[in-house]
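Close look at the chain arrangement
For reference, the chains in residue letters:
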Amino acid sequence: MTTRAGFIALIGEPNAGKSTLLNRMVGAKVSIVTHKVQTTRARIRGVAMEGDAQLVFVDTPGLFKPRRRLDRAMVAAAWGGAADADVVVLMIEAHRGITEGVERILEGLEEIGQGRTIALAINKIDKVPSEKLLALTSDLNERYPFAETFMISAERGYGVEDLRKWLAAELPEGPWLYPEDQIADLPMRMIAAEMTREKLTLRLHQELPYQLTVETENWEERKDGSAKIDQVIYVMRDGHKGIVLGKRGETIKAVSQAARAELEEFLDRKVHLFLQVKVRPNWLEESERYSEMGLDFKDGNA
Ligand SMILES: Nc1nc2c(ncn2[C@@H]2O[C@H](COP(=O)(O)OP(=O)(O)OP(=O)(O)O)[C@@H](O)[C@H]2O)c(=O)[nH]1
Ligand SMILES: [Mg+2]
């Protein structure tokens, strides 16, 4: 049997649907998804099988014009993911087309594209009439010589099978990189922290989701088969702490319940989740916070 294996980086603007596609390819929710931009902060690997090929998908943070140290580290992680991959899939939102952000990414591709297979996936085709897609496809292919173009809906699953089959054939021959039954390469404590961050992002408004981070501080396996998980939510100001807690603790309670339910489903066992909110005005400048997220602190420099 000839096996194939390799890394496939999903890149694109924030909100393009990269994490949605990764989850669909893997068949489980390993990367968090929200309707807000800049949800994913680090590289997240998910593993999918297609025949004799093992496809290691690398979900990356969205590419945007960075302002803060965290933004810069995120964008560096995304380009780094593309540079390390065997195949890169650029995801574009069908209804938004070629935005300024997309133009910038196309320029970046010129640099990392040398000798690498780059495919185009026009996502969210459920949102636009098919006539529009043809024009967008030819516009994009005029700007960059994509190896192939796919029209997909990551959310509904349209076109995803074709994309997976094509990607499998593009990967180099070689032994599998992970055990056949492994679906993610991310510490469980980090997946758990991400689940809580997703629920916070969905509930909190404006800038607040971008000014907090979640870390799993302690994970205890109990004799009865359940897990006790302690997490800390770092916020930047006292006022933020009050908002995260909510009136009579209602917000944090709802977040905790939603995150726990998802964790229990993922782990298939009972979970006791304890959340604590700590004010840490300078967490965005602390290297430890970055290593916990799986980001390079130094990339935030410059
Ligand atoms: N209508 C539609 N919505 C989609 C599709 N794919 C993803 N979405 C939605 O688009 C939003 C963003 O999806 P994500 O997967 O979080 O996007 P992302 O590219 O990972 O975003 P960042 O992590 O912020 O870079 C979510 O609300 C998804 O449900 C699709 O095919 N059709
Ligand atoms: Mg994402």
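Residues numbered from 1 in each chain as written. Chains lettered and ligands numbered in written order. Predicted model: local features only at pLDDT ≥ 70, side-chain atom pairs only at ≥ 80, totals over all residues. Heavy atoms only, no water.

Within an unreviewed UniProt entry, the label attached to the chain reads GTPase Era, and the organism entered is Ruegeria denitrificans. Under the UniProt heading Function (unreviewed entry), the note attached to the chain is "An essential GTPase that binds both GDP and GTP, with rapid nucleotide exchange. Plays a role in 16S rRNA processing and 30S ribosomal subunit biogenesis and possibly also in cell cycle regulation and energy metabolism." (UniProt positions renumbered as here; feature names shortened; annotations may be inferred.)

A few words on the coordination of the magnesium ion (ligand 2). Listed as protein donors to the magnesium ion (ligand 2) are Ser19 (OG) and Thr40 (OG1); their distances from the metal cover 2.0 to 2.1 Å. Of the two residues, Ser19 sits in helix H1 (residues 18-26) while Thr40 sits in the loop between H1 and strand E2 (44-50), which places them 21 residues apart along the sequence. (Donors = N, O, S within 2.8 Å, 3.2 Å for Na, K, Ca; no water. Helix = DSSP H or I, 4+ residues; strand = E, 2+ residues; numbered from the N terminus.)

Near ligand 1 you find 23 residues, and of these Lys18, Thr20, Thr39, Asp126 and Glu155 are the closest. A distance of 2.8 Å separates an oxygen atom of ligand 1 from a polar atom in the side chain of Ser19. Measuring from an oxygen atom of ligand 1, one finds a backbone N or O atom of Thr39 at 2.7 Å. A per-element tally of the shell around ligand 1 places H1 first, with three residues. (Near = heavy atom within 4 Å. Polar contact = N/O pair within 3.5 Å; in protein donor to acceptor, adjacent residues only side chain to side chain.)

Turning our attention to the side chain of Lys18. Looking at the element boundaries, Lys18 is found in helix H1. Put simply, Lys18 is tucked away with no salt bridge, and the nearest opposite charge, on Asp59, sits 5.8 Å away. Separated by 2.8 Å, the side chain of Lys18 and the backbone oxygen of Glu13 make a polar contact. (Buried < 20%, exposed > 50% of the residue type's maximum accessible area, 1.4 Å probe, protein only. Lys, Arg positive; Asp, Glu negative; His and termini not counted. Salt bridge = Lys/Arg side-chain N within 4 Å of Asp/Glu carboxyl O.)

This part covers the nonpolar core. Residues Ile8, Leu21, Phe57, Leu167, Ile233 and Val244 are the most contacted members of the largest nonpolar core, which totals 54 residues. Here this core takes six residues from helix H6 (residues 188-203), the largest share from any one element. Non-local contacts of Leu167, meaning those with residues more than four positions away in its chain, are made with Ile8, Leu55, Phe57, Val87 and Val89. Counting 40 residues, the second largest nonpolar core, distinct from the first, contains Ala42, Met74, Leu109 and Ile118. (Core = buried A, V, L, I, M, F, W, Y, C linked by side-chain atoms within 4.5 Å. Contact = heavy atoms within 4.5 Å.)

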